[in-house]
Amino acid sequence: MNQTFDVNATSRNMVSKFLAGYTLEQLNTIPEGFSNNLIWNIGHIIVTQQLLVYKLSGLPMMISDELVEKYKKGTKPEHIAIQTEVDEIKSLLFETINQTKADYDNQIFKNYNEYPTSTGFILKSVEDALAFNNLHEALHIGIMMSIRKFI
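Notes on the structure in this doc start here. Residue positions within a chain follow its written sequence, with the count starting from 1. With the structure being a predicted model, the display of local features is reserved for residues of pLDDT at least 70 and the display and counting of side-chain atom pairs for 80 or more, all residues being used for whole-chain, interface and lining totals. Here the side-chain values reflect all heavy atoms present in the structure, with hydrogen atoms and water set aside.

Glancing now at the side chain of Q50. The numbering of helices and of strands both runs from the N terminus, where a helix is a DSSP run of H or I of at least 4 residues and a strand a run of E of at least 2. For Q50, the position within the fold is in helix α3 (residues 38-53). Of the polar contacts made by the side chain of Q50, one reaches the backbone nitrogen of M62; its length is 2.7 Å. The residues touching Q50, leaving out its near neighbours within four places in the chain, are K55, M61, M62, I63, T96 and T100. What qualifies as a polar contact is a pair of N or O atoms within 3.5 Å, subject to a donor-acceptor requirement within protein and to the restriction that residues adjacent in sequence count only when both atoms come from side chains. The contact criterion used throughout is that any non-hydrogen atoms of two residues lie within 4.5 Å.

Shown next, in the form of structure tokens:
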């Protein structure tokens with residue numbers, strides 16, 4: 001499992017460079033032909049990780065319901081993210097995965113509600129969720145790499 005967590009840390013390091021390298025306006029820009037922006041993709045990966053790992057394990061998430069409603073699957077940017085929201089997302093980027101690793105090491109994940117992903121992969125355990133999350137984040141990093149060419 002250490003490899004899975006290491007891959008996730010690498011993913012989050014890549015994402016953090018977008019937060020550091022773009023202005024608030026750029027983070028909020030939706031280029032023509034795209035349905036979302038950089039900040040939505042970043043918020044979305046945080047929300048999805050929490051839903052896949054914690055909610056489906058029947059455990060409390062580290063994020064607010066408001067954040068979930070803004071960035072969950074099926075949403076799109078309906079507002080301009082202000083700096084305080086970007087700062088919250090920035091702090092959650094690493095807090096969430098560091099806490100997940102600690103919680104996994106402390107064996108708090110006892111149950112898991114099986115979940116079929118939109119890709120057809122069925123998550124049956126927290127380990128499945130952690131591995132699938134890395135694929136999910138990689139897909140969104142690819143989208144972000146495309147978006148940055150147009151902002």
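Turning our eyes to something else, we now look at the pattern of salt bridges. Side-chain pairs of opposite charge can arise where the charged atoms are in close proximity. Salt bridge, as used here: a side-chain nitrogen of Lys or Arg that lies within 4 Å of a carboxyl oxygen of Asp or Glu. What the rule picks out here adds up to 5 salt bridges. Close ionic contact of E69 with K72 constitutes a salt bridge, the shortest N to O distance being 3.2 Å. Throughout this description, buried means an accessible area under 20% of the type-specific maximum (1.4 Å probe, protein chains only), exposed means over 50%, and partly exposed covers the range between. Overall, the relative accessible area of 29% leaves K72 in the partly exposed class. The network of salt bridges with common partners includes E66, K70 and E85.

The subject of this paragraph is unusual backbone geometry. The backbone of Q107 shows a phi angle near 55 degrees, a positive value even though the residue is not glycine. Tracing the chain through its elements places Q107 in the loop between α5 (83-105) and β1 (115-116). Overall, the relative accessible area of 56% leaves Q107 in the exposed class.

Here we come to the environment of L59. Assignment of secondary structure puts L59 in the loop between α3 and α4 (65-71). Residue L59 is classed as partly exposed on the basis of its relative accessible area of 23%. In this structure, the C-alpha to C-alpha distance between L59 and N41, residues 18 residues apart in sequence, is 24 Å. Ignoring any residue separated from it by four or fewer positions in sequence, one finds L59 in contact with Y54, I108 and F109.

Looking at the element boundaries, T48 is found in helix α3. A relative accessible area of 10% means that T48 is categorised as buried. Placed 85 residues apart in sequence, T48 and N133 show a C-alpha to C-alpha distance of 7.8 Å. If near-sequence neighbours (up to four positions away) are discounted, T48 is found in contact with N133 and H136.

In summary, the pairing rule links any two rings of Phe, Tyr or Trp, Trp by its six-membered ring, whose centres are within 6.5 Å, and it sorts them by plane angle into stacked for under 30 degrees, edge-to-face for over 60 and tilted for everything else. Summed over the entire model, instances satisfying the criterion amount to 5 aromatic pairs. Here F34 and F150 contribute two aromatic rings whose centre-to-centre distance is 5.7 Å and whose plane-to-plane angle is 50 degrees, an arrangement assigned as tilted. With F34 in the loop between α2 (24-28) and α3 and F150 in the segment after α6 (126-147), this pair connects stretches of sequence that are 116 residues apart.

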